Each structure stands twice: as structure tokens, then as C-alpha cells.
Amino acid sequence: GRPAAARRVKEAGGSRAKARDKLERGERLADVNKGALSVQDLVNRRFDAAIAETALETKRAGLEQINQEIEIRTVRALVPGRVLNVRIVLMIG
């Protein structure tokens, strides 16, 4: 549901922030000390940041889809008032 999807977005945002921070720290370290990190380590950090960004966007899209489904399926009255009776008729066949 929506609360679970919102939690997944928040978690993905945290993972993205962590990956970006790790990348930025690695790039700063590599700028200061050229031999501190291998080229492969920096490449891996860039990939991790890109993967985390994609995961966040995927989770956001999932939450948006849930919100749209709720909006589509929400029944609203034409005028303000109080619901006095609800009758659901199933037509089978």
C-alpha cells in the first residue's frame, strides 16, 4: 500500500544519499592524493551512485502509480453532504 511504498522511497533516498556521499568523498580524496583510490574504486562508486539514483526513481514511480490508482478509484459526491446509504449491486454473467 501507500505507506509501504512511501517507506521504500525514503529508504531509497537514504541509500542514494549514502552512495553520493561515498562517491564525493572518494573524488575529493583522489583529487588530494592521486594514489589514494584506484580508478576501479572510483568507477564502482560512480556505478553505485547511479544505481541508487535509479532505484530511488523506480520507487518514486511506484508510489506515484499507487497515488494515481487511489485517485482513479476514489468516489466523490457531486455536492457536499452526508452518505445515508451505500448499495453495491453485482451483475454476474
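This text goes with the structure placed above it.
Residues numbered from 1 in each chain as written. Predicted model: local features only at pLDDT ≥ 70, side-chain atom pairs only at ≥ 80, totals over all residues. Heavy atoms only, no water.

(A) Inspection of the overall build of the protein chain at higher detail. Counting secondary structure elements, the protein chain contains 2 helices and 0 strands. Relative to the compact-globule value of 12 Å for 93 residues, the protein chain shows a C-alpha radius of gyration of 24 Å, a clear excess of over 25%. With respect to the principal axes defined by its C-alpha atoms, the protein chain has extents near 75 × 35 × 15 Å. The proportion of buried residues among the 93 residues of the protein chain is 16%. Contacts in the protein chain between residues far apart in sequence, at least 24 positions, make up 66% of those at least 6 positions apart. Accessible area of the protein chain: about 8000 Å², with a carbon and sulfur share of 57%. One finds the centroid of the 19 positive side-chain charges in the protein chain at a distance of 8 Å from the centroid of its 12 negative side-chain charges. (Helix = DSSP H or I, 4+ residues; strand = E, 2+ residues; numbered from the N terminus. Rg over C-alpha atoms; globule rule 2.2 N^0.38 Å. Buried < 20%, exposed > 50% of the residue type's maximum accessible area, 1.4 Å probe, protein only. Contact = heavy atoms within 4.5 Å. Areas by Shrake-Rupley, 256 points an atom, 1.4 Å probe, with all protein chains shown as cover. Lys, Arg positive; Asp, Glu negative; His and termini not counted. Charge placed at Lys NZ, Arg CZ, Asp CG, Glu CD.)

(B) Region of the structure containing the nonpolar core. With 5 residues, the main nonpolar core is built from Ala5, Val9, Ala12, Leu56 and Leu63. When contributions to this core are tallied by element, the ones reaching two or more residues are helix 1 (2–32) and helix 2 (39–73). In terms of residue count, the dominant contributor to this core is helix 1 (3 residues). Non-local contacts of Leu63, meaning those with residues more than four positions away in its chain, are made with Arg2, Ala5, Ala6 and Val9. (Core = buried A, V, L, I, M, F, W, Y, C linked by side-chain atoms within 4.5 Å.)

(C) Inspection of a nonpolar patch on the surface at higher detail. On the surface, a cluster of nonpolar side chains totalling about 660 Å² of accessible area is made up of Val83, Val86, Ile88, Leu90 and Ile92. Looking at where Ile92 falls in the secondary structure, it is placed in the segment after helix 2. (Patch = residues over 30% accessible without salt bridge, like charges linked within 9 Å, V, L, I, M, F, W, Y side chains within 5 Å. Salt bridge = Lys/Arg side-chain N within 4 Å of Asp/Glu carboxyl O.)

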